[in-house]
Amino acid sequence: MPIKPSPAVVRAGQLLQHMARQPSTSYSIAELARATDIPRATCDSALQALAELGLVVRRGPELRYELGGFCIALGDAARAANPILNAAGVEAEGLARTLNACVAVSAPIGNETRVVTVSDWGPPLGLRPRPGQAVPIAPPFGAVFVAWDSTKAAAWLAQADEAAPEEEPDRWQKALDAIRRRGYSISVTPAPHRIRDLDSVFEIALSAPGNEHALRREELAGRMQHTEYLATNIDDEAVIRLTQISAPVFDATGRAAVSLMVMGPQHELTGREVSAIGRQVVDAARRAAKAAGSDTGY
């Protein structure tokens, strides 16, 4: 019989995840309770326990909480224990400088892909992920983490909505095939008439945990399934607006442990230019895997 996770530990983790999204912000108990959908009394009890461990601190007469100093020690320990994350971070910084772009390292955590670190050398405007943000691993998101694993790919495909009449019924399978063939995934900005008011959905879906935000993330995935967001084949002479390119960094078991994600510029690119960027991202992912002691998956 499987052991169920401790509810108290899960709630403490939700609080830390929420606070990590905006680490310079302090929060009242009421604000954290609303954002995480945790009862206020339970939230208060969890915060007191976290404060005793140094994971959060309580400041000021208004009793507002912020992340504590021991989180730094935990983060340093996690990095030391995760050579792939370290190597990916080094390559992300190099890519960001070379491409004058914003580059994120993401990892699959549960049924989501979550941004772990960001190297930002991009222009002032444009979409920028923040550490802690997450999207569901469901079409069209997270494909780079499932494309090389038949079991995960089948589960991912099973979450796809029925294709609309104008869409190919097997387009998600073709998208995974294209990712394996290229070595990276390509996401493009959907046509404006397909994404009305999606900006607000993106902002909410990528922000905080909790039931309301989980529903918005599901809404985001469902609506994006009926756009051209996840590209399959792009002609060299085609002109597109690139959202992002992602390549997996495989661990010693051949699992896509993290990804390098390069955010697209504000101007249009040709398919040939996109391919050139994609090759640089794949090369960086291979170097990261090799630096971490893995040469599998490629």
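Residues numbered from 1 in each chain as written. Predicted model: local features only at pLDDT ≥ 70, side-chain atom pairs only at ≥ 80, totals over all residues. Heavy atoms only, no water.

1. Focus: unusual backbone geometry
Part 1 of the reasoning: For the bond running from Pro139 to Pro140, omega is 5°, close enough to zero to count as cis.
Part 2 of the reasoning: Examined against the element boundaries, Pro140 turns out to sit in the loop between strand S5 (134-136) and helix H6 (143-146).
Part 3 of the reasoning: One non-glycine residue with positive phi stands out, namely Asp37, at about 60°.
Part 4 of the reasoning: With respect to the helices and strands, Asp37 occurs in the loop between helix H2 (29-36) and helix H3 (40-52).
Part 5 of the reasoning: The exposure class assigned to Asp37 is partly exposed, which follows from its relative accessible area of 45%.
Part 6 of the reasoning: Even without being glycine, Asn100 reaches a positive phi, approximately 50°.
Part 7 of the reasoning: In this structure, Asn100 sits in the loop between helix H5 (83-99) and strand S3 (102-109).
Part 8 of the reasoning: Of the residues examined, Asn100 reaches a relative accessible area of 52% and is grouped as exposed. (Helix = DSSP H or I, 4+ residues; strand = E, 2+ residues; numbered from the N terminus. Buried < 20%, exposed > 50% of the residue type's maximum accessible area, 1.4 Å probe, protein only.)

2. Focus on the pattern of salt bridges
Side-chain pairs of opposite charge can arise whenever the charged atoms involved come near each other.
Part 1 of the reasoning: One pass over the full model with this rule turns up eleven salt bridges.
Part 2 of the reasoning: A salt bridge links Glu112 to Arg114; its shortest N-O distance comes to 2.7 Å. Taken as a pair, Glu112 and Arg114 share a single burial class, namely buried.
Part 3 of the reasoning: Because the salt bridges share partners, they merge into one network encompassing Asp236, Glu237 and Arg272. (Salt bridge = Lys/Arg side-chain N within 4 Å of Asp/Glu carboxyl O.)

3. Re the nonpolar core
Part 1 of the reasoning: Core analysis: the largest hydrophobic core is formed by 33 residues, its most contacted members being Ile186, Ile245, Val249, Leu260 and Val281.
Part 2 of the reasoning: Sort the elements by how many residues they give to this core and helix H11 (residues 271-291) lands first, with eight residues.
Part 3 of the reasoning: Counting 15 residues, the second largest nonpolar core, distinct from the first, contains Ala12, Ala46, Leu47 and Val56. (Core = buried A, V, L, I, M, F, W, Y, C linked by side-chain atoms within 4.5 Å.)

4. Looking at the confidence of the model for the chain
Low-pLDDT portions of the prediction should not be read for the details of their coordinates.
Part 1 of the reasoning: Of the residues in the chain, 82% have a pLDDT of 70 or more, and the chain-wide mean is 83.
Part 2 of the reasoning: Low pLDDT (under 50) marks residues 193-202, which in the prediction has 18 contacts with non-local residues, meaning those over four places away or in another chain.
Part 3 of the reasoning: Counting interchain partners and residues more than four positions distant, the pLDDT-below-50 stretch residues 208-212 has 15 contacts. (pLDDT = per-residue confidence, 0-100. Contact = heavy atoms within 4.5 Å.)

5. Considerations on H5
Part 1 of the reasoning: Taking 1.5 Å per residue as the helical rise, H5 with its 17 residues ought to reach 24 Å, and the 24 Å between its terminal C-alpha atoms agrees with that figure.
Part 2 of the reasoning: Every buried residue belonging to H5 is among Ile84, Leu85, Ala87, Ala88, Glu91, Ala92, Leu95 and Ala96, and all of these are buried.
Part 3 of the reasoning: The positive-phi residue at the C-terminal boundary of H5 is Asn100, with phi of around 50°. (Expected span 1.5 Å × (residues − 1).)

6. What about the packing of H5 against H11?
Part 1 of the reasoning: It is the contact of H5 with H11, at a shortest axis distance of 8 Å, that shows an interaxial angle of 155°. Taken together, the axis directions place H5 and H11 in an arrangement best described as roughly antiparallel. The hand of the H5/H11 crossing is right-handed. Touching Ala87, Ala88, Glu91, Leu95, Thr98 and Leu99 of H5 are Ile277, Gln280, Val281, Ala284, Arg287, Ala288 and Ala291, all from H11. (Axes fitted to C-alpha atoms, helices over the stretch in contact; angles between N-to-C directions. Parallel < 35°, antiparallel > 145°, perpendicular 65-115°, else oblique. Left-handed = near helix turned anticlockwise from the far one by under 90°.)

7. Some details on the packing of helix H1 (residues 7-21) against H3
Part 1 of the reasoning: Viewed as axis vectors pointing N to C, H1 and H3 meet at an angle of 80°, and their least axial separation amounts to 10 Å. The angle between the axes of H1 and H3 places the two elements in the roughly perpendicular class. Together, Arg11, Ala12, Leu15 and Leu16 of H1 and Thr42, Cys43, Ala46, Leu47 and Leu50 of H3 make up the contact between the two elements.
Part 2 of the reasoning: Grouping the constituent residues of the contact of H1 with H3 by class yields seven nonpolar, one polar and one charged. (Nonpolar A, V, L, I, M, F, W, Y, C, P; charged D, E, K, R; others polar.)

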